[in-house]
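Below are the chains, spelled out letter by letter.
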Amino acid sequence: MTAKFGNPGWIPLVGDWNKDGKDSIGAYDPATQTFYESNDNSTVAGSVKFGNAGWTPLVGDWNNDGVTSIGAYDPNTQTFYLSNDNSTTATSFVYGSPGDVPIAGRW
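In what follows, the accompanying structure is described. Counting restarts for each chain: residues are numbered from 1 in the order of the written sequence. Only residues with pLDDT of 70 or above have their local features reported here, since the model is predicted, and side-chain atom pairs are shown and tallied only from 80 upward, although totals for entire chains, interfaces and linings are computed over all residues. Hydrogen atoms and water are omitted, and side-chain values are computed over all heavy atoms in the structure.

Next up on the list: the sheet that holds strand 4 (residues 46-49). Note on pairing: two strands pair once DSSP finds at least 2 bridges between them. Numbering of helices and strands runs from the N terminus, with a helix taken as a DSSP run of H or I at least four residues long and a strand as a DSSP run of E at least two residues long. Pairing is antiparallel in the open sheet, where four strands are placed in the order 1-2-3-4. Each edge of the open sheet is held by one strand with a lone partner, namely strand 1 (11-15) and strand 4. Here the average twist between neighbouring strands, direction ignored, is 20 degrees. Across four bridges, the pairing between strand 2 (residues 24-29) and strand 3 (residues 34-37) is antiparallel. Paired with Asp 29 across the bridge in strand 3 is Thr 34. Note on definitions: angles span 0 to 180 degrees between N-to-C directions of axes, and those axes are lines fitted to C-alpha atoms, for helices only across the stretch in contact.

Our next topic: the side chain of Gln 78. Looking at the secondary structure, you find Gln 78 in the loop between strand 6 (69-74) and strand 7 (79-82). Contact criterion: two residues are considered in contact whenever any of their non-hydrogen atoms come within 4.5 Å of each other. Each residue touching Gln 78, except ones within four places of it in the same chain, is listed here: Tyr 73, Phe 93, Val 94, Tyr 95, Gly 96, Ser 97 and Pro 98.

Each pair of aromatic rings taken from Phe, Tyr and Trp, with Trp reduced to its six-membered ring, is defined by centres within 6.5 Å and is described as stacked if the planes are under 30 degrees apart, edge-to-face if over 60, and tilted in the remaining cases. The tally for this structure, following the rule as stated, stands at six aromatic pairs. Between the aromatic rings of Trp 10 and Tyr 36, the centroid separation amounts to 4.8 Å while the plane-to-plane angle is 10 degrees, which identifies the pairing as stacked. Residue Trp 10 is located in the segment before strand 1, and its partner Tyr 36 is located in strand 3; the two are separated by 26 residues in the primary sequence. A ring pair is formed by Phe 35 and Phe 50, whose centres lie 6.4 Å apart and whose planes are at 65 degrees; its orientation type is edge-to-face. Here the residue Phe 35 occupies a position in strand 3, and Phe 50 occupies one in the loop between strand 4 and strand 5 (56-60), the gap between them amounting to 15 residues. Aromatic rings pair up to connect Tyr 28, Phe 35 and Phe 50 into one cluster.

As a further point, take the pairing of strand 5. In terms of burial, strand 5 is a largely internal element, four of the five residues being buried. The pairing of strand 5 with strand 6 spans five bridges and is antiparallel. Bridge pairing in strand 6 places Gly 60 opposite Ser 69. Exposure is judged per residue with a 1.4 Å probe applied to protein chains only, and the accessible area is read against the type maximum: over 50% gives exposed, under 20% gives buried, and values in between give partly exposed.

Any functional reading would require information beyond the geometric quantities listed.
Written out as structure tokens, the structure reads:
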């Protein structure tokens, strides 16, 4: 399968945005700090501005509800900001050291 989604310079993402048990494509526009999600791998199902310029986008199932949610990492303060509803910050915490690169996963 091939799909065009987003624009040059955008960061590709993947997640189960609608809890259907299947991952779909998404993208993050660093120029506007906007996340875009697709449920059918072609059209935008949702978009939200989250974070600030220079932050690293993250996605994961932060609250174990079966839905992938957005997050962002501020490298200047080593602060993670995670959302459970893809719009507001549910939690934030400091973790790591200057120069660390954040990763997300199911540990």
